[in-house]
There are 2 protein chains.
Amino acid sequence: MNEELLIGFGQHVRTLRQKLEISQEELAANCGLDRTYISGIERGKRNVSLINIFRLAEALGSTPSALLDFSFGVTNE
Amino acid sequence: MNEELLIGFGQHVRTLRQKLEISQEELAANCGLDRTYISGIERGKRNVSLINIFRLAEALGSTPSALLDFSFGVTNE
DNA sequence: ATGTGACTAGGAGTCCGTT
DNA sequence: AAACGGACTCCTAGTCACA
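Residues numbered from 1 in each chain as written. Chains lettered and ligands numbered in written order. Predicted model: local features only at pLDDT ≥ 70, side-chain atom pairs only at ≥ 80, totals over all residues. Heavy atoms only, no water.

Participant: What is the right way to read the overall build of chain A from this model?
Facilitator: Check the secondary structure of chain A and you find 5 helices and 0 strands. Its helices and strands in sequence order give chain A the pattern α-α-α-α-α, from N to C terminus. For 77 residues, the compact-globule estimate of 2.2 N^0.38 gives 11 Å, and chain A sits close to it at 12 Å. The principal-axis extent of the C-alpha atoms belonging to chain A is close to 40 × 25 × 20 Å. (Helix = DSSP H or I, 4+ residues; strand = E, 2+ residues; numbered from the N terminus. Rg over C-alpha atoms; globule rule 2.2 N^0.38 Å.)

Structure, rendered in structure tokens:
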């Protein structure tokens, strides 16, 4: 299911952010996005688009490719 | 700039599709998207969202991570 | 410092067609 | 087979007040 995918992505973003020991607010500032938007992403409520994936990756000191490299419960048949 | 990013992504999609020797129409059918939408993506006119990146990756016999692993002219900065 | 619901504008994505 | 356009629906980007 798609929901799982967004949640998996969000958790991955959160993990990377916490590794940097920065708040959602700081991350938001670093990539020019809104704090509540970051919150929505980490909770899997947002279907982020390509451009914002690149922005996030940069702000997280990672790469877009690495940002999509996560496992998620493939409830999908 | 963002435009370069979308174009880079689009070219990468096109390359992968041509390796499979399938048409845009076939790719569209394989990932449940519209033919004209695929065309737009390959031309760098579309800012694809996360869920569709995953769908494209699957239909291309690749991974989302690999799909974002391309270089693009960083006209940025 | 974060979660959440609601909101508008604009873009994602579809469907018709022509070149 | 693919580029491109118009018109359409619905969702995402981005922001707000508030829990």
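So, next bit.
Participant: Even after reading the chapter, I still don't get the relation of the copies chain A and chain B, so can you show me in this structure?
Facilitator: One copy of the chain maps onto the second through a rotation about an axis and a displacement along it. Mapping chain A onto chain B calls for a rotation angle of 180 degrees and an axial translation of 0.0 Å; the resulting RMSD is 0.1 Å. On the angle and the small slide along the axis, the relation comes out as a two-fold axis. Nearest to the rotation axis, the C-alpha of A:S49 is located 1.8 Å from it, this being the minimum over chain A. Of the interface residues in chain A, 100% have counterparts in chain B that sit at the interface too, so the contact is made through matching surfaces. (Least-squares fit on C-alpha atoms with pLDDT ≥ 70 in both. Contact = heavy atoms within 4.5 Å.)

Participant: Explanation requested: the packing of aromatic side chains in the structure shown.
Facilitator: By convention here, two paired aromatic rings are described through the distance between centres and the angle between planes. Taken as a whole, this structure holds 4 aromatic pairs over all chains when the rule is applied. Considering the side-chain rings of A:F9 and A:F70, the 6.1 Å spacing of their centres and the 55 degrees angle between planes classify their relative orientation as tilted. With A:F9 in helix α1 (residues 2-19) and A:F70 in the segment after α5 (64-67), this pair connects stretches of sequence that are 61 residues apart. The exposure classification of A:F9 matches that of A:F70, with both residues buried. Grouping aromatic residues by their ring pairs yields a cluster made of A:F9, A:F70 and B:F54. (Phe/Tyr/Trp six-rings, centres within 6.5 Å; stacked < 30°, edge-to-face > 60°. Buried < 20%, exposed > 50% of the residue type's maximum accessible area, 1.4 Å probe, protein only.)

Participant: Just checking my understanding: could you explain the environment of B:R43 for this structure?
Facilitator: Residues and elements named next belong to chain B. Relative to the assigned elements, R43 resides in the loop between α3 (35-42) and α4 (50-59). Taking relative accessible area as the criterion, R43 reaches 46% and is therefore assigned partly exposed. For the pair R43 and N2, spaced 41 residues apart in sequence, the C-alpha separation works out to 13 Å. Here R43 is in contact with I7 and R14, once residues within four sequence places are set aside.

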